[in-house]
Amino acid sequence: MSIRRFSGNRLSEDRLRDLLLRGMAGDSGAYHDFLKQLSAHLRAFLRRRLTQLPDEVEDLVQEILLAVHNQRHTYNAKQPLTAWVHAIARYKLIDMLRRRTGHEALNDPFDDEIDVLAASDTEAMEAKRDLAKLLAQLPDRQRLRIQYVKLDGLSVVEAARMTGMTESAVKVGVHRGLKALAAKIRGGT
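All figures in this text were calculated on a predicted structure; none of them were measured in a lab.

What counts, and where the lines are drawn
- Residues numbered from 1 in each chain as written.
- Predicted model: local features only at pLDDT ≥ 70, side-chain atom pairs only at ≥ 80, totals over all residues.
- Heavy atoms only, no water.
- Phe/Tyr/Trp six-rings, centres within 6.5 Å; stacked < 30°, edge-to-face > 60°.
- Buried < 20%, exposed > 50% of the residue type's maximum accessible area, 1.4 Å probe, protein only.
- Lys NZ or Arg CZ within 6 Å of the ring centre and 35° of its normal.
- pLDDT = per-residue confidence, 0-100.
- Helix = DSSP H or I, 4+ residues; strand = E, 2+ residues; numbered from the N terminus.
- Contact = heavy atoms within 4.5 Å.
- Axes fitted to C-alpha atoms, helices over the stretch in contact; angles between N-to-C directions.
- Parallel < 35°, antiparallel > 145°, perpendicular 65-115°, else oblique.
- Left-handed = near helix turned anticlockwise from the far one by under 90°.
- Nonpolar A, V, L, I, M, F, W, Y, C, P; charged D, E, K, R; others polar.

Q: Even after reading the chapter, I still don't get the packing of aromatic side chains, so can you show me in this structure?
A: Two aromatic rings, taken as a pair, are described by how far apart their centres are and by the angle between their planes. Under the counting rule described, the total for this entry stands at 2 aromatic pairs. Ring geometry for Tyr75 against Trp84: centres 5.3 Å apart, planes inclined by 55 degrees, an arrangement best described as tilted. Take Tyr75 and Trp84: they sit in the same class, and that class is buried. Above the plane of the ring of Tyr91 lies Arg90, whose end atom (NZ or CZ) is 5.6 Å from the centre.

Written out as structure tokens, the structure reads:
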């Protein structure tokens, strides 16, 4: 993994590594500074990845710092520090996401601010009807490719098999079909 994942530059990597090694050698001030600086890098790293879950960032930073502290004896000073920290952070992030997924699957989101009247089934049905009308105006070679890949969720490979075309032809057909749809929408036809 790139050093820039956490630190932004080589100086940060070297500074953090130096602080950790001094801390492991008994310099408690250096270790405190290491944890403080690392937490700032971790916050920035996690905020970019958890844009939909900003409340989870601080808890996850603390979990990662605890794991770094507990596993500091496993750090190999010959290896980049950020690669080691990134591995720990990645596993903690995955663990948190798994816990959230399991928790959300077991609980109805009634506590969330759900506006029951925000959308209706009729809106979805109207949108589906409008899309069907627009698609019907396209030639089969474009309509079917869009239907298979964008609406039915087939992969390009699967759509190519179904239509007997090459993968490139499916991609081009989808692109041209979407472009034609956009033109029809802009033109109001």
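Once you've had a look at it, read on.
Q: Just to check I follow, could you spell out the confidence of the model for the protein chain for this structure?
A: For any part of a model where pLDDT is low, the fine detail of the predicted coordinates should not be relied upon. Mean pLDDT for the protein chain: 81, with 82% of residues reaching 70 or above. Mean pLDDT values for the elements of the protein chain range from 77 in helix H5 (residues 121–136) up to 93 in helix H3 (residues 57–71). Confidence drops under a pLDDT of 50 for residues 1–8, and excluding neighbours within four residues, the segment shows 22 contacts in the predicted structure. Here residues 111–119 is a poorly scored stretch, pLDDT under 50, and it has 2 contacts once near neighbours within four places are set aside; other chains count.

Q: Explain the packing of helix H2 (residues 28–49) against H3 to me, please; I cannot follow it from the model alone.
A: For any two helices packed against each other, one specifies the crossing angle of their axes together with the interaxial distance. For the pair H2 and H3, the least separation of the axes is 9 Å and the interaxial angle reads 135 degrees. The angle between H2 and H3 falls in the class oblique. Relative to H3, the crossing made by H2 is right-handed. Along the contact surface, H2 presents Tyr31, Phe34, Leu35, Leu38, Ser39, Leu42, Arg43, Leu46 and Arg47, while H3 presents Val57, Glu58, Leu60, Val61, Gln62, Ile64, Leu65, Val68 and His69. Among the residues making up the contact of H2 with H3, the classes are represented as 12 nonpolar, 3 polar and 3 charged.

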